[in-house]
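# Descriptive structure summary
The primary structure of each chain is shown beneath.
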Amino acid sequence: MALLNFRRQPAQPEERNAALAAFLQGASIEVMPRTAEKVEDFAALLPAGTRVYVAHIAGTPIEDMVATAARLRAEGMEPMPHFPARIIADRATLLDWVARYRGEADVREALVLAGGVTDPVGDYSDSMQLLGSGAFDGFRRLHVAGHPEGNRDIDPDGGVLTVSNALAWKQAFAERTDATVAIATQFAFEPAPVIEWAQSLHAAGITLPIHIGAAGPAKLQTLIKFAIACGVGPSLRVLQRRAADLTKLVVPFEPTEFLGALAEHKAADPAFGIESVHIFPLGGIKASAEWLRTHSEDPE
């Protein structure tokens, strides 16, 4: 059997569309307070109960974060705020944030991660310290970060040793907590390395379900800028090849081909570890919401 277990016969268009629609059920999306301000009504864009991550960029006041989460809750969404370890000063701050989210927005879920800044502002430098603090006791769902193409901020040599050890710790944490734990990944553009990465995790005993990140529709220049800034690895070549085709430069990139390939793999192997999709709306939340709505519809 081939390592990636691709289907021997290509699926028919109707079959591919059905697989993608099924794969996108329960997809999540992401906002920041400043991008949420541009949305008149989330209920008009997204299905009720959609999980909406609230990204916490360094310098954003906690009041803005909590207000965004409370608005999402009021408009029928399921808010999942980021807790970036490196921008949290101390335990008192962490507990205050948790209390505000719980009390003002009925937050029950969180994405716990190290964060994008290099130097910690206080006592925490990684997500394991936050998870082990007990601050999230009572949360029903906790997500942690995954990096299908590695992360040079964590493993500067380009390897995966530190990332792999961290996921092993989080696997053990999931086995002793009442919360549902899953891996939410950085966005990528090429399916084969993602499939190989997911299979390698399973082989290493990491059975946490994966919510794969994908960039929503956006201009190619926008995607390349974000991909470089976020440390996207080898699959950046997909965008580079597209940039070399002048006929595609002015056409927005969509994740249809990337997610369609993963959907076909999931349809052929239901035990495949990716259970959901997370959309990064790099070209705007309205464009991403429209793409999700179009491709989530059952073709039947």
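Scoring rules and cut-offs
Residues numbered from 1 in each chain as written. Predicted model: local features only at pLDDT ≥ 70, side-chain atom pairs only at ≥ 80, totals over all residues. Heavy atoms only, no water. Helix = DSSP H or I, 4+ residues; strand = E, 2+ residues; numbered from the N terminus. Contact = heavy atoms within 4.5 Å. Core = buried A, V, L, I, M, F, W, Y, C linked by side-chain atoms within 4.5 Å. Buried < 20%, exposed > 50% of the residue type's maximum accessible area, 1.4 Å probe, protein only. Pairing = 2+ DSSP bridges. Right-handed = clockwise from strand over helix to strand, strands pointing away. Salt bridge = Lys/Arg side-chain N within 4 Å of Asp/Glu carboxyl O. Axes fitted to C-alpha atoms, helices over the stretch in contact; angles between N-to-C directions. Parallel < 35°, antiparallel > 145°, perpendicular 65-115°, else oblique. Left-handed = near helix turned anticlockwise from the far one by under 90°. Nonpolar A, V, L, I, M, F, W, Y, C, P; charged D, E, K, R; others polar. pLDDT = per-residue confidence, 0-100.

With that settled, the discussion passes to the environment of Val112. For Val112, the location among the structural elements is in strand E4 (residues 109-113). Spatially, the C-alpha atoms of Val112 and Ala145 are 7.4 Å apart, while their sequence positions differ by 33 residues. Residue contacts for Val112: discarding those within four places in its chain leaves Phe83, Ser127, Leu130, Leu131, Phe136, Leu142, His143, Val144 and Ala145.

The subject of this paragraph is the nonpolar core. The tendency in soluble globular proteins is for nonpolar side chains to be buried as a group. One finds Phe83, Phe136 and Leu259 to be the most contacted residues of the largest nonpolar core, which totals 70 residues. If we skip the residues at most four places from it in the chain, Phe136 touches Phe83, Leu94, Val98, Ala110, Val112, Leu130 and Leu142. In terms of nonpolar packing, the next biggest core, distinct from the first, is built from eight residues, Phe187, Ala215, Ala218 and Phe280 among them.

It is worth spelling out the side chain of Lys170 at this point. When you line up the elements, Lys170 lands in helix H6 (residues 161-176). Here Lys170 is in contact with Ser127, Met128, Leu131, Val144, Ala145 and Leu208, once residues within four sequence places are set aside.

Another aspect to go through is the pairing of strand E6 (residues 180-187). Taking burial as the measure, the eight residues of E6 include seven buried ones, the bulk of the element. In terms of strand pairing, strand E5 (residues 141-146) meets E6 through six bridges, oriented parallel. Opposite Ala145, over in E6, you have Ala184 as the bridge partner. In this structure, E6 lies alongside strand E7 (residues 210-215), joined through three bridges in parallel fashion. If you follow Ile183 over to E7, its bridge partner there is Ile210. This β-α-β element, E6 to helix H7 (residues 191-203) to E7, shows right-handed connectivity.

Glancing now at the pattern of salt bridges. Across all of its chains, the model carries ten salt bridges by this definition. Residue Glu109 pairs with Arg51 through a salt bridge whose shortest N-O separation is 2.7 Å. Taken together, the residues span a long stretch of sequence, with Glu109 in strand E4 and Arg51 in strand E2 (residues 51-54) at a distance of 58 residues. On the basis of relative accessible area, Arg51 is assigned to the buried category, the value being 15%. A salt bridge links Glu78 to Arg140, with the shortest nitrogen-to-oxygen separation between them at 2.9 Å. Taken as a pair, Glu78 in strand E3 (residues 78-84) and Arg140 in the loop between helix H5 (127-131) and E5 lie far apart in primary sequence, 62 residues in all. Classification of Arg140 as partly exposed rests on a relative accessible area of 41%. Three or more residues are tied together by salt bridges with common partners; here these are Arg51, Arg73, Glu78, Asp106, Arg108, Glu109 and Arg140.

In this section: the environment of Leu72. By the secondary structure assignment, Leu72 is in helix H3 (residues 62-74). On the accessibility criterion, Leu72 (0% relative accessible area) is buried. Expressed as a C-alpha distance, the spacing of Leu72 and Tyr53, which sit 19 residues apart in the sequence, is 9.9 Å. Setting aside anything within four residues of it in sequence, one finds Leu72 in contact with Val31, Phe42, Val52, Val54, Met77 and Pro79.

In contact at an axis separation of 9 Å, H7 and helix H10 (residues 256-268) are set at 40° when each is read in the N-to-C sense. By the angle between their axes, H7 is oblique relative to H10. Crossing angle aside, the handedness with which H7 passes H10 is right-handed. Contacts from Pro191, Val194, Ile195 and Gln199 in H7 reach Phe258, Ala261, Leu262 and His265 in H10. For the contact of H7 with H10, the per-class residue count stands at six nonpolar, two polar and no charged.

All right, on to unusual backbone geometry then. Its identity is not glycine, yet Asp106 carries a phi of approximately 50°, on the positive side. Tracing the backbone shows Asp106 in the loop between helix H4 (91-105) and E4.

A low pLDDT score tells you not to read the predicted coordinates there in detail. Scored by pLDDT, the chain has a mean of 87; 82% of the residues are at 70 or more. Residue range residues 1-8 is modelled with pLDDT below 50. Its contacts to residues more than four positions away, or to other chains, number 16 contacts.

What follows covers the packing of H3 against H4. Where H3 meets H4, the axes come as close as 9 Å, and the angle between the chain directions of the two elements is 30°. Classified by the angle between their axes, H3 and H4 sit roughly parallel to one another. By crossing handedness, the relation of H3 to H4 is classed as right-handed. Each of Ile62, Glu63, Met65, Val66, Ala69, Ala70 and Arg73 in H3 lies in contact with H4, whose residues at this interface are Trp97, Arg100, Tyr101, Glu104 and Ala105. Class assignment for the residues of the contact of H3 with H4 results in eight nonpolar, no polar and four charged.

Turning next to the sheet that holds E2. One closed barrel accounts for eight strands, arranged E1-E2-E3-E4-E5-E6-E7-E8; its pairing is parallel. Here the strands of the sheet are splayed against their neighbours by 30° on average, with no regard to which way each runs. Each of E5, E6, E7 and strand E8 (274-280) touches H7; the most contacted strand, E7, lies at about 160° to it.

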